[in-house]
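Notes for the structure review
Chain by chain, the residues run as shown.
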Amino acid sequence: MRRQSAKPKWTELAVGSAIDVPGSARYYKTGDWRSSRPVWNSEHCIRCGVCVIFCPEGCVLFQPDGYPNADLDYCKGCGICLHECPTGCIRMVEEED
Amino acid sequence: MHEVRFHGRGGQGAVTSAELLAQAAIDEGKSAQAFPSFGPERRGAPVMAFARVADRPIRNRTVIQEPTAVLVLDPALPGLVKVDDGLVADGVVILNTSRSADEVRKDFGIVAKLALVDANRIAREVIGRVITNTTMLGALVRAVGLVEASSLEKQFESRFGRLAAKNIQAFQRAQQEVVLVDAV
Amino acid sequence: METRTGMEASIAIAEAVCLCDADIVAAYPITPQTHIVEHLSELVADGKLHANFVPVESEHSAMSVCCGTSAVGARTYTATASQGLALMHEILFIAPALRLPIVMSVANRSLSGPISIWNDHSDVMAERDIGWVQIFAENAQQALDLTIWAFRLAEDRRVSLPVMVNFDGFILSHTIEPVLMPDKETVQAYLPPFEPLLRLDVDAPVSMGPVGIPDIYTETHHVQQVLLTDAYGPIVETLDAFGKHFGREYKPVETYRADDAEVLLLTMGALGETAMEAVDLRRERGQKVGLLRLRLWRPFPFEDLYRAVGRRPVLGVMDRAISYGGPYGPVASEIKAAFYHREQRPRVVEFVAGLGGRDVPISDFDTMFDALFDTLETGRVPEPRLVGLRE
């Protein structure tokens, strides 16, 4: 199905209802599922990359400053990074705070 | 339309006989059908196969209940199965047997026209094995015609390859040795 | 150039698949379809058919493989029957939804239980609503012809849907009869190379088979309904083209001595041929009986049916399956529904015959014709009848 703002009519569906835009999943911003987000304490972070590897969404990446951080467009706030971090440098912050 | 029922035991080649007859007829430009008694096949168990031969397209797809000819590959079968069941009045029973016509009538109660040949002996002597289906087709060719002997020989060649020669020899001997007996 | 030769419908179908240059054969052997798969594996092993033969471990896998290979643009063939078709059930719906032009032969066979390997139409009737084109052959020649036609229609870019060719198990699959086998050049001139409408391609990626959320599912199903219904035009067109090319005509509904008939009987599949014999015998006795043979089952050929029935007051329908506890004969129920809103509609007399390999002799057709004449005289429609039932 083509990405479009209005819901498509039956005549507007792609052949076989296939998704013909490669990589279109990136338009689906899963970050709005999040109720809390991870915050890194760079003083304790040893930049081991365990959080980068374990992030199920693939949204934790090393930033230009050399430290990992989550892309909040896609981070669902699952907390796996926190669970796996060997130094305990990640904490979850409620979105409402 | 001619309707032939083949009786044999699983593994004796009754289905192959029906197929060879039908394919020979089709090659002559006739219409023909050949089909087994549908279902699982068990070596040694009494089995049937069927063939229809006609000059016009055949559309009837029912089993053959009233054959114009019956061909029996195994000498013991007439004692076990009523091989002339449903045979039309002027039909012929083609038997592989060493019995005389009188013995066949007395032992099996068959009153129809007979075509008798000791196919076991011919097959043993010529082919070296008691596989009688091609031999019995020789008796069939003499008894009912239906197809030219040469058409069947062509089928043997395409189907049996290097074994064809001996089958053709047995087939020809059966044509010579078969005894035709009128109905009582 | 064509060769006249004697062969089983099964072998004729396998040879047709070979003439059509299938790229993939993924099938699991099941009686009475076995000879097709055996012969295809020989053709592949002998190098006569340059296809990948995928010996799957079940029919569920067979249809899954077919979906995958068709999706990458391979000309894909499979065959099954009975329990095998039933085991494919959940995958059968996927193929038309993804517009995959798979061709499948079904050697129609009853469903268990009790266990039965013999012929009727229970298997296909249970798969009525899968969204495939479904057509019936009555003899080995038609089974061969419709297999070639099936690839042409399935791959027609206006259609791009899977096609099921039904042919009766044993009655056709295991019967040797004359067949005119076309040569490869003639088939190739009728069947262009497969140009898929959509395919999995690393250079132009697509995702096939995504989730259909409630917001979109309704629309996708309307598309399937429209596509299969609209396939009717290309079906008639490609059948006509087949007739011009090969000299053998096929129509969605065929008739036999129906023009001046007082009563009509409708059949599907090989027993239509025995029925023609039965019609001829009645005609010899001066009785005006005629035959309709429903060839195309999906999409249902409503207009052809209306034309063929015309103003005839009595129409018998011979089903080969039972819809238990429902409207009895599945075909009869559709015929009745088709006529429900018509001013001019026949009285429909329902028969079920030939279940699980029961022979249907000429005398059974006589029983049916007698019942039709009785309805013609009295206007009374009898309860649906299981012909040949011991009571």
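It should be emphasised that the depicted structure is a prediction, and the values quoted were computed from it without experimental measurement. (Residues numbered from 1 in each chain as written. Chains lettered and ligands numbered in written order. Predicted model: local features only at pLDDT ≥ 70, side-chain atom pairs only at ≥ 80, totals over all residues. Heavy atoms only, no water.)

1. Focus on the overall build of chain A
From N to C terminus, chain A includes 2 helices and 4 strands. For chain A, the α and β elements follow one another from N to C terminus as β-α-β-β-α-β. Computed over its C-alpha atoms, the radius of gyration of chain A comes to 18 Å, more than 25% above the 13 Å expected for a compact globule of 97 residues. Summarising its shape, the C-alpha atoms of chain A cover approximately 55 × 30 × 20 Å along the three principal directions. Taken over 97 residues, chain A has a buried fraction of 30%. Residue pairs at least 24 apart in sequence account for 59% of intrachain contacts in chain A once pairs closer than 6 positions are excluded. Entry remark: accessible area of chain A is about 6,500 Å², with carbon and sulfur atoms responsible for 51%. (Helix = DSSP H or I, 4+ residues; strand = E, 2+ residues; numbered from the N terminus. Rg over C-alpha atoms; globule rule 2.2 N^0.38 Å. Buried < 20%, exposed > 50% of the residue type's maximum accessible area, 1.4 Å probe, protein only. Contact = heavy atoms within 4.5 Å. Areas by Shrake-Rupley, 256 points an atom, 1.4 Å probe, with all protein chains shown as cover.)

2. Overview of the interface of chain A and chain C
Taken together, the contacts link 13 residues of chain A with 18 residues of chain C. Both sides of the chain A and chain C interface together cover about 1,300 Å² of buried area, and 75% of this is carbon and sulfur. Considering only the side of chain A, the residues that lose the most area to chain C are A:Trp10, A:Val15 and A:Ile19, jointly responsible for 40% of the buried surface there. Our count for the contact surface shared by chain A and chain C stands at 1 salt bridge. In this structure, A:Lys7 engages C:Asp215 in a salt bridge whose closest nitrogen and oxygen atoms are separated by 3.2 Å. Summed over the shared surface of chain A and chain C, the result is 2 residue pairs in polar contact (both at pLDDT 80 or more). For the side of chain A that touches chain C, a count of residues per class yields 8 nonpolar, 2 polar and 3 charged. (Buried area = accessible area lost by both parts, 1.4 Å probe. Salt bridge = Lys/Arg side-chain N within 4 Å of Asp/Glu carboxyl O. Polar contact = N/O pair within 3.5 Å; in protein donor to acceptor, adjacent residues only side chain to side chain. Nonpolar A, V, L, I, M, F, W, Y, C, P; charged D, E, K, R; others polar.)

3. Structural notes on the sheet that holds strand β7 (residues 163-168) of chain C
All names here are of chain C. If you trace the 7 strands from one edge of the open sheet to the other, you get β3-β2-β4-β5-β7-β6-β12, paired in mixed fashion. Looking along the sheet, the strands with just one partner apiece sit at the ends: β3 (52-54) and β12 (296-298). Pairwise comparison of adjacent strand axes, ignoring direction, gives a mean angle of 20° for this sheet. Two strands pair when backbone bridges link them, and strand β6 (residues 133-136) and β7 are joined in this way by 4 bridges, in the parallel orientation. Looking at the pairing, Gln 134 lines up with Met 164 of β7. Running at roughly 155° to β7, helix α1 (residues 9-19) makes contact with β4 (76-80), β5 (103-108) and β7 of the sheet. (Pairing = 2+ DSSP bridges. Axes fitted to C-alpha atoms, helices over the stretch in contact; angles between N-to-C directions.)

4. Brief notes about a nonpolar patch on the surface
Side chains of A:Ile53, A:Phe54 and A:Ile80 sit close together on the surface and give an oily, nonpolar patch of about 290 Å² of accessible area. With respect to the element layout, A:Phe54 can be found in helix α1 (residues 50-54). (Patch = residues over 30% accessible without salt bridge, like charges linked within 9 Å, V, L, I, M, F, W, Y side chains within 5 Å.)

5. Quick look at helix α3 (residues 59-71) of chain C
Residue and element names in this part refer to chain C. With 13 residues, α3 ought to run about 18 Å at 1.5 Å a step, and its terminal C-alpha atoms sit 18 Å apart, in line with that. Every buried residue belonging to α3 is among Glu 59, Ser 61, Ala 62, Met 63, Cys 66, Cys 67, Thr 69, Ser 70 and Ala 71, and all of these are buried. In the core, the buried residues of α3 are packed alongside β2 (24-26), β4, α4 (82-92), α5 (94-97) and β5. Its side-chain oxygen placed 3.2 Å from the backbone nitrogen of His 60, Ser 58 serves as the N-cap of α3. (Expected span 1.5 Å × (residues − 1).)

6. Observations concerning the pattern of salt bridges
Across all of its chains, the model carries 41 salt bridges over all chains by this definition. Between A:Lys76 and A:Glu57 there is a salt bridge, with its nearest N and O atoms 2.9 Å apart. You can see A:Lys76 sitting in the loop between β3 (68-70) and α2 (80-84) and its partner A:Glu57 sitting in the loop between α1 and β2 (60-62), a full 19 residues away along the chain. A relative accessible area of 31% places A:Lys76 in the partly exposed class. Among the ionic pairs, C:Asp156 bridges to C:Arg158, the shortest N-O distance being 2.7 Å. One network of salt bridges, in which partners are shared, links B:Arg56, B:Arg59, C:Arg257, C:Glu277 and C:Asp280.

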